[in-house]
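Examination of the molecular architecture
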Amino acid sequence: DEGVDGKIYHYLTSNDIMSGRLLGADWTVRSVLDGIIKSDPPFHALIDTGALITGMSNYAVARYMLTHGLSTDFDGVVFLDHR
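Counting starts from 1 at the beginning of each chain's written sequence and moves along it residue by residue. Local features in this predicted model are restricted to residues of pLDDT 70 or higher, and side-chain atom pairs are both shown and tallied only at a pLDDT of 80 or more, whereas totals for entire chains, interfaces and linings draw on every residue. Where side-chain values are given, they derive from all heavy atoms of the structure, hydrogens and water being excluded.

As for the overall build of the chain
- Broken down by element type, the chain carries three helices and zero strands.
- Each helix is a run of DSSP H or I of at least 4 residues and each strand a run of E of at least 2, with the numbering of both proceeding from the N terminus. Counting from the amino terminus, the chain carries its helices and strands in the arrangement α-α-α.
- Along the first, second and third principal axes, the C-alpha atoms of the chain reach 40 × 35 × 25 Å.
- Relative accessible area decides the class of each residue, using a 1.4 Å probe on protein chains only: under 20% of the type maximum gives buried, over 50% gives exposed, and in between gives partly exposed. Buried residues in the chain amount to 17% of all 83 residues.
- Any two residues whose heavy atoms approach within 4.5 Å at even a single point are treated as in contact. A fraction of 45% describes how many contacts in the chain between residues 6 or more apart in sequence connect residues 24 or more apart.
- Accessible surface area values rest on a Shrake-Rupley calculation with a 1.4 Å probe, where residue burial reflects the displayed protein chains alone. Here the chain has roughly 7000 Å² of accessible surface; of this, 54% comes from carbon and sulfur atoms.
- One finds the centroid of the 6 positive side-chain charges in the chain at a distance of 9 Å from the centroid of its 11 negative side-chain charges. In this tally, Lys and Arg are treated as positive and Asp and Glu as negative; His is ignored, and so are the chain termini. Charge coordinates come from a single atom per side chain, which is NZ of Lys, CZ of Arg, CG of Asp or CD of Glu.

The structure is reproduced here in structure tokens:
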């Protein structure tokens, strides 16, 4: 549909909906994930547009989040695989 891409871009960049964080020089993939897991209020989506989460498949990231304290407010994690 016409204008859909623009609407998606609008919502993904709206400060009312999303936020960003600066990472220190000593960040690691796991420290980023741990920060997301412990965030209050919790994040409802992780869109890794900068490809920061390297060395882990999407499945591994989902499993890490589920096994390292993701809020029980969530029933699960949805991820895209390589297929």
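Considering the environment of Gly35
- Following the sequence through the fold, Gly35 ends up in helix 2 (residues 29-38).
- Counting along the chain gives 26 residues from Gly35 to Tyr9, while the straight-line C-alpha distance between them is 25 Å.

Digging into the environment of Ala45
- With respect to the secondary-structure elements, Ala45 resides in the loop between helix 2 and helix 3 (58-67).
- By relative accessible area, Ala45 is classed as exposed at 54%.
- Taking the C-alpha atoms as reference points, Ala45 and Leu80, 35 residues apart in sequence, are found 13 Å from one another.

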